[in-house]
Amino acid sequence: MPLPRPIAAALPLAPSLTARELAAFKLLGLGYDNRSIARHLSISERTAKRHVTAILEKLGLESRLQAGLAAMAMNLTTQTDPPPTWPEDRPVDPHA
């Protein structure tokens, strides 16, 4: 099955991301929210939000979901990656 057009178009643009943006991109692929990205990367939540915004702009994506799907498509995330370790992190209910 082919990738959706926005995801396929984003993949060749991924090398334009900085190292920190790439780290945040990977975490988006794991479903992390801005607060969790900030804690994991030891940055402020505001900086995490800036990274996510930059990722969306550089990759020509419209949403965090598209960015997460693109990260998964790039195989940046694997099932061996650890889940968030902070107690206030809750799994996202895809049906909510």
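None of the values given here were measured: they were computed from a predicted structure. Residue numbering note: each chain is counted from 1, following its sequence as written. The predicted origin of the model limits local features to residues at a pLDDT of at least 70 and limits the giving and counting of side-chain atom pairs to 80 or more, whereas totals for whole chains, interfaces and linings rest on all residues. Water and hydrogen atoms play no part in the side-chain values, which are based on all heavy atoms of the structure.

Caption draft 1: Summary view of the nonpolar core. Counting residues in hydrophobic clusters, the biggest one holds 21 residues, and the most contacted among them are Phe25, Leu28, Ile37, Ile55, Leu59, Leu61 and Ala67. Helix and strand definitions here come from DSSP, where helices need a minimum of 4 consecutive H or I residues and strands a minimum of 2 consecutive E residues; each element is numbered from the N-terminal end. Elements supplying a minimum of two residues to this core: helix 1 (5-10), helix 2 (19-29), helix 3 (34-41), helix 4 (45-59) and helix 5 (64-73). Ranked by the residues each element gives to this core, the list is headed by helix 4, at 5 residues. Throughout, a residue-residue contact means that at least one pair of heavy atoms, one from each residue, lies within 4.5 Å. The residues contacting Ile37, other than those within four sequence positions of it, are Ala24, Leu27, Leu28, Tyr32, Ile43, Ala48, Val52 and Arg64. Each nonpolar core is a collection of buried residues, namely Ala, Val, Leu, Ile, Met, Phe, Trp, Tyr and Cys, held together in the definition by side-chain atoms within 4.5 Å. The cut-offs for exposure are 20% and 50% of the maximum accessible area for each residue type, with area from a 1.4 Å probe on protein chains only; residues under the lower value are buried, those over the upper are exposed, and the others partly exposed.

Caption draft 2: Broad picture of the pattern of salt bridges. By definition, a salt bridge exists where a carboxyl oxygen of Asp or Glu is found within 4 Å of a side-chain nitrogen of Lys or Arg. Summed over all chains, the structure comprises 2 salt bridges. Where Lys58 meets Glu21, a salt bridge forms, and the shortest distance between an N and an O atom there is 2.8 Å. One end of the pair, Lys58, is in helix 4; the other, Glu21, is in helix 2, with 37 residues separating them in the sequence. The class of Glu21 is buried, set by a relative accessible area of 7%. Between Glu45 and Arg35 there is a salt bridge, with the nearest N and O atoms lying 3.7 Å from each other. With Glu45 in helix 4 and Arg35 in helix 3, this pair connects stretches of sequence that are 10 residues apart.

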